[in-house]
Amino acid sequence: LQVKGTPKRQIMVTVDIEGSRPVEVQVREDAPVITVIFRAADKAGVQLQLYHTLFEVHELLKIERPLEDHEQIQEIMSYWPRKNPPRLQLHTYLDKYILWQNNPLPKGSISQYFKDNKVPNMSSTLHYTKGGSRFNWTRSPFCLGSLGLYSVAPTKKSNRMDLVSGTDQCLYIPILYAEWNSKQSLISRHCFIMKPVNSWREKDLKLFCAEDYNSYIKWISGIRLVKPVNSWREKDLKLFCAEDYNSYIKWISGIRLVKYGVQLKSNYIAMQYRIDKRQQTSSFDST
């Protein structure tokens, strides 16, 4: 609980800059990603562009995630494993605002989603496999629903739909394609990964009871201090490959839209405003 009037704690964040040395910036603990982007660019002397994006890069698993501008940096880092944690990297990502510049989704689907919460009508074939020591690819029709990605299996009466990956999971992109391909024989270069944050299935819950309050609070405090996160294992990753770029970008965009909704439009407007304001200030100073 944050007491009114209590100043927010400051944290130090290290950011790798593409083509330059890493920089360390100081931000408030509740700072959004967009704040880190601007401060890191300023400190590195990088001319900020609209498409500059902060990525969460995990070298061990060879995956990266383009962070959304509104996400809180401290919350992101709180889920990192203590051993071999990811790093933050700033570089351009041309598909960051594609929904508002060259929308790949069916015409009118965005306005319908904002107005009626109607999920874009999306379905196509995807190749799917789980991480681990063995990779058995399955080719199946998939569709997008309000809860995530469903595999579709035709039956005599109707199509059976099974939820394969929820939109509450994090969306990642493979890096070092050649290395991924040598290990998993990727179907194409147009692949994405869904990674769980936490499991919310009842069968995954583990219930503990202490004999008294003192014992209980010791355990609670210790668990909060250690805070183990077990969703950074390769076998927890779900890998999807589209057959071409158009199909791939539709799935990426649809998942982001269902997951974040109108917040994505607010992010685009906020970034445009800050970039324009900075350029105007720079132009005024030069004159």
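All values derive from a computational prediction rather than experimental measurement. (Residues numbered from 1 in each chain as written. Predicted model: local features only at pLDDT ≥ 70, side-chain atom pairs only at ≥ 80, totals over all residues. Heavy atoms only, no water.)

Structural notes on the sheet that holds strand S8 (residues 148-154)
Spatially, S2-S1-S5-S3-S4-S10-S11-S12-S6-S7-S8-S9 is the arrangement adopted by the twelve strands of the open sheet, whose pairing is mixed. Each edge of the open sheet is held by one strand with a lone partner, namely strand S2 (23-28) and strand S9 (159-166). Taken over all neighbouring pairs, the strand axes of this sheet differ in orientation by 40° on average, direction set aside. In terms of strand pairing, strand S1 (residues 10-17) meets strand S5 (residues 87-92) through three bridges, oriented parallel. Within S5, the position partnered with Ile17 by the bridge is Leu90. (Pairing = 2+ DSSP bridges. Helix = DSSP H or I, 4+ residues; strand = E, 2+ residues; numbered from the N terminus. Axes fitted to C-alpha atoms, helices over the stretch in contact; angles between N-to-C directions.)

Regarding the environment of Phe208
Position of Phe208 relative to the elements: it lies in the loop between strand S11 (191-195) and helix H6 (213-226). Separated by eleven residues in the primary sequence, Phe208 and Trp219 place their C-alpha atoms 9.9 Å from one another.

Some details on helix H7 (residues 245-260)
When the terminal C-alpha atoms of H7 are compared, their 22 Å separation across 16 residues agrees well with the 22 Å that a helix rising 1.5 Å per residue should span. By the criterion of burial, H7 is predominantly enclosed, with twelve of the 16 residues buried. For H7, the complete set of buried residues consists of Ser247, Tyr248, Ile249, Trp251, Ile252, Ser253, Gly254, Ile255, Arg256, Leu257, Val258 and Tyr260. At the N-terminal end of H7, a side-chain oxygen is found 3.2 Å from the backbone nitrogen of Asn246, two or three residues along, and the residue is Asp244. Among the residues trailing H7, Gly261 stands out with phi positive, at a value near 60°. (Expected span 1.5 Å × (residues − 1). Buried < 20%, exposed > 50% of the residue type's maximum accessible area, 1.4 Å probe, protein only. Polar contact = N/O pair within 3.5 Å; in protein donor to acceptor, adjacent residues only side chain to side chain.)

Let's talk about the state of the cysteines
Scanning all chains against the criterion turns up one disulfide. At a sulfur-sulfur separation of 2.1 Å, the disulfide partner of Cys191 is Cys241. When the S-S torsion is 90°, as for the bridge of Cys191 with Cys241, the disulfide is right-handed. Within this pair, whereas Cys191 is found in strand S11, its partner Cys241 is found in strand S12 (residues 238-241), the two being separated by 50 residues in sequence. For the residue pair Cys191 and Cys241, the accessibility class agrees, reading buried in each case. (Disulfide = S-S within 2.5 Å.)

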